[in-house]
Amino acid sequence: RDLTDISLLESFIHLRYVDLSENKLQDLSPLRSLTHLLWLKVDRNLLTSACMQELPYLQIISFAHNRIKDMEGITHPRLANLNLKGNKIQTALGLSHGQLFSLQILELRENRLESTAGLSLPKLKNLYLAQNAIRSLEGLEGLGQLTTLHLRDNQLETLDGFCSSMKCLQYLNLRSNGISSLQEVAKLQVLPMLQALVLLDNPCSDEPNYRLEVLVLLPHLQRLDKELVEQDERAEANEIRQKRQEEKVRTARHREKKEV
């Protein structure tokens with residue numbers, strides 16, 4: 001409707017659901033009196049900030065496809081689902097961790113993030129970071145309840161940053177990054193619950209016996225690159241792993257004898 005002014009809404013204080021998508025809004029301050037609001041959608045407007053007056057019951061917000069540059073001023077204590085897809089966000093360091101007690105789903109696809117620093121949200125379960133410019137994984141140790149992490153179409157060349165405190169992570173999508181070595185994939189061994197991994201369109205996926213080598217490194221995987229792990233594959237990977245471990249032991253003993 002090409003709306004630029006929503007001050008009329010100030011008097012509708014009992015509104016619970018508001019959709020203002022596809023307008024020309026730059027200012028959401030009239031919504032501060034809507035203290036019963038549960039759900040807000042303001043996709044495809046002209047907003048440059050997601051900062052709003054704290055709304056005590058707000059659970060879902062979508063700011064997709066605006067012009068938002070940072071994540072400051074988002075403080076709604078019951079917010080569970082936040083969509084900031086298709087904005088111009090370069091850093092998450094302004095996120096108000098202390099106030100976002102309930103956030104479980106965070107959608108940040110198609111932004112300009114170069115790092116994951118600042119995304120340490122204790123209740124977060126699903127984090128979508130595809131189509132950014134992420135080169136480094138930082139601050140992931142606080143994501144103890146995260147189950148799903150999408151990092152497709154970024155610029156990762158190493159997998160430093162994953163840690164054992166990410167004890168719930170089950171699904172990890174790393175498609176179309178710059179991971180060239182299976183030694184980097186070995187760093188995912190710290191993730192105790194990892195069951196599904198996507199590594200398609202990385203240089204390492206062109207290595208000989210790539211699929212088998214990944215299963216040697218990560219024996220608990222149930223699915224690799226969208227395909228279920230077959231029993232015969234798992235058995236072959238287990239056999240290779242066992243042989244290599246035995247070879248290591250023999251080499252270590254041989255070295256000890258030499259030193260004696």
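Here's what I pulled together on the structure shown here.

Quick notes on the rules
Residues numbered from 1 in each chain as written. Predicted model: local features only at pLDDT ≥ 70, side-chain atom pairs only at ≥ 80, totals over all residues. Heavy atoms only, no water. Helix = DSSP H or I, 4+ residues; strand = E, 2+ residues; numbered from the N terminus. Rg over C-alpha atoms; globule rule 2.2 N^0.38 Å. Buried < 20%, exposed > 50% of the residue type's maximum accessible area, 1.4 Å probe, protein only. Contact = heavy atoms within 4.5 Å. Areas by Shrake-Rupley, 256 points an atom, 1.4 Å probe, with all protein chains shown as cover. Lys, Arg positive; Asp, Glu negative; His and termini not counted. Charge placed at Lys NZ, Arg CZ, Asp CG, Glu CD. Phe/Tyr/Trp six-rings, centres within 6.5 Å; stacked < 30°, edge-to-face > 60°. Axes fitted to C-alpha atoms, helices over the stretch in contact; angles between N-to-C directions. Left-handed = near helix turned anticlockwise from the far one by under 90°. Nonpolar A, V, L, I, M, F, W, Y, C, P; charged D, E, K, R; others polar. Pairing = 2+ DSSP bridges. Salt bridge = Lys/Arg side-chain N within 4 Å of Asp/Glu carboxyl O. Patch = residues over 30% accessible without salt bridge, like charges linked within 9 Å, V, L, I, M, F, W, Y side chains within 5 Å.

1. Side note on the overall build of the protein
And then number 1: In terms of helices and strands, the protein carries 3 helices and 11 strands.
And then number 2: Counting helices and strands in the order they occur from the N terminus, the protein gives β-β-β-β-β-β-β-β-α-β-α-β-β-α.
And then number 3: For 260 residues, the compact-globule estimate of 2.2 N^0.38 gives 18 Å, and the C-alpha radius of gyration of the protein, at 23 Å, exceeds that figure by more than 25%.
And then number 4: With the principal axes as the frame, the protein shows a C-alpha extent of 85 × 35 × 30 Å.
And then number 5: The 260 residues of the protein split such that 44% are buried.
And then number 6: The contacts in the protein between residues at least 6 apart in sequence include a share of 28% that link residues at least 24 apart.
And then number 7: Total accessible area on the protein is roughly 13700 Å²; 47% of this is exposed by carbon and sulfur atoms.
And then number 8: For the protein, the distance from the average position of its 33 positive side-chain charges to the average position of its 34 negative side-chain charges is 3 Å.

2. Things to note about the packing of aromatic side chains
Given two aromatic rings, their pairing is described by the distance between the two centres and the angle made by the two planes.
And then number 1: Across all of its chains, the model carries 1 aromatic pair by this definition.
And then number 2: Seen in terms of ring centroids, Y17 and W39 are 6.3 Å apart; in terms of plane orientation they differ by 55°. Their pairing is tilted. Pair noted here: Y17 is in strand β1 (residues 17-19) and W39 is in strand β2 (residues 39-41), with a separation of 22 residues, a long-range link.
And then number 3: For Y17, a relative accessible area of 57% gives the class exposed.

3. Digging into helix α2 (residues 210-217)
And then number 1: Most of α2 is tucked away, with 7 of its 8 residues classed as buried.
And then number 2: For α2, the complete set of buried residues consists of Y210, R211, L212, E213, V214, L215 and V216.
And then number 3: Contacts from the buried residues of α2 go to α1 (182-185), β9 (196-198), β10 (223-224), β11 (227-228) and α3 (231-259).

4. What to know about the packing of α2 against α3
And then number 1: Between α2 and α3, whose axes approach to 8 Å, the crossing angle comes to 65°. Taken as a pair, α2 and α3 cross one another with a handedness that is right-handed. Residues R211, L212, E213, L215 and V216 of α2 touch α3, and the partners they reach there are E233, E236, A237, I240, R241 and R244.
And then number 2: A breakdown of the residues in the contact of α2 with α3 according to their chemical character gives 5 nonpolar, no polar and 6 charged.

5. What about the sheet that holds β10?
And then number 1: Read across the open sheet, the 11 strands follow the order β1-β2-β3-β4-β5-β6-β7-β8-β9-β10-β11; overall the sheet is mixed. The open sheet is flanked by β1 and β11, the only strands paired with a single partner.
And then number 2: Pairing geometry for strand β4 (residues 81-83) and strand β5 (residues 105-107), over 3 bridges, is parallel. Paired with N81 across the strands is I105, a residue of β5.

6. What about the environment of G142?
And then number 1: With respect to the secondary-structure elements, G142 resides in the loop between β6 (126-128) and β7 (148-150).
And then number 2: Overall, the relative accessible area of 26% leaves G142 in the partly exposed class.

7. A closer look at the side chain of E184
And then number 1: Looking at the element boundaries, E184 is found in helix α1.
And then number 2: Overall, the relative accessible area of 13% leaves E184 in the buried class.
And then number 3: Not counting residues within four places of it along the chain, the set of residues in contact with E184 comprises E157, T158, L159, D160 and I179.

8. As for the pattern of salt bridges
And then number 1: In this structure the tally under the stated criterion is 11 salt bridges.
And then number 2: Of the charged contacts, one joins E110 and K85 as a salt bridge, the two residues approaching to 3.8 Å between their closest N and O atoms. Taken together, the positions of E110 in the loop between β5 and β6 and K85 in the loop between β4 and β5 put the pair 25 residues apart, joining distant regions of the chain.
And then number 3: Taking the relative accessible area as the measure of exposure, E110 reaches 30% and is therefore partly exposed.
And then number 4: Salt bridges sharing partners connect three or more residues here, namely D160, E184 and K187.

9. Thoughts on a negative patch on the surface
And then number 1: A cluster of acidic residues, E227, E230, D232 and E236, forms a negative patch at the surface.
And then number 2: Considering the arrangement of structural elements, one finds E230 in the loop between β11 and α3.
And then number 3: For E230, a relative accessible area of 47% puts it in the partly exposed group.

10. Notes on the environment of L218
And then number 1: As for its placement among the helices and strands, L218 is situated in the loop between α2 and β10.
And then number 2: Accessibility expressed as a relative area gives 7% for L218, which makes it buried.
And then number 3: Along the chain, L218 and V190 lie 28 residues apart, while their C-alpha atoms are 9.8 Å from each other.
And then number 4: Excluding its chain neighbours within four sequence positions, the residues that come into contact with L218 are V185, L188, Q189 and L197.

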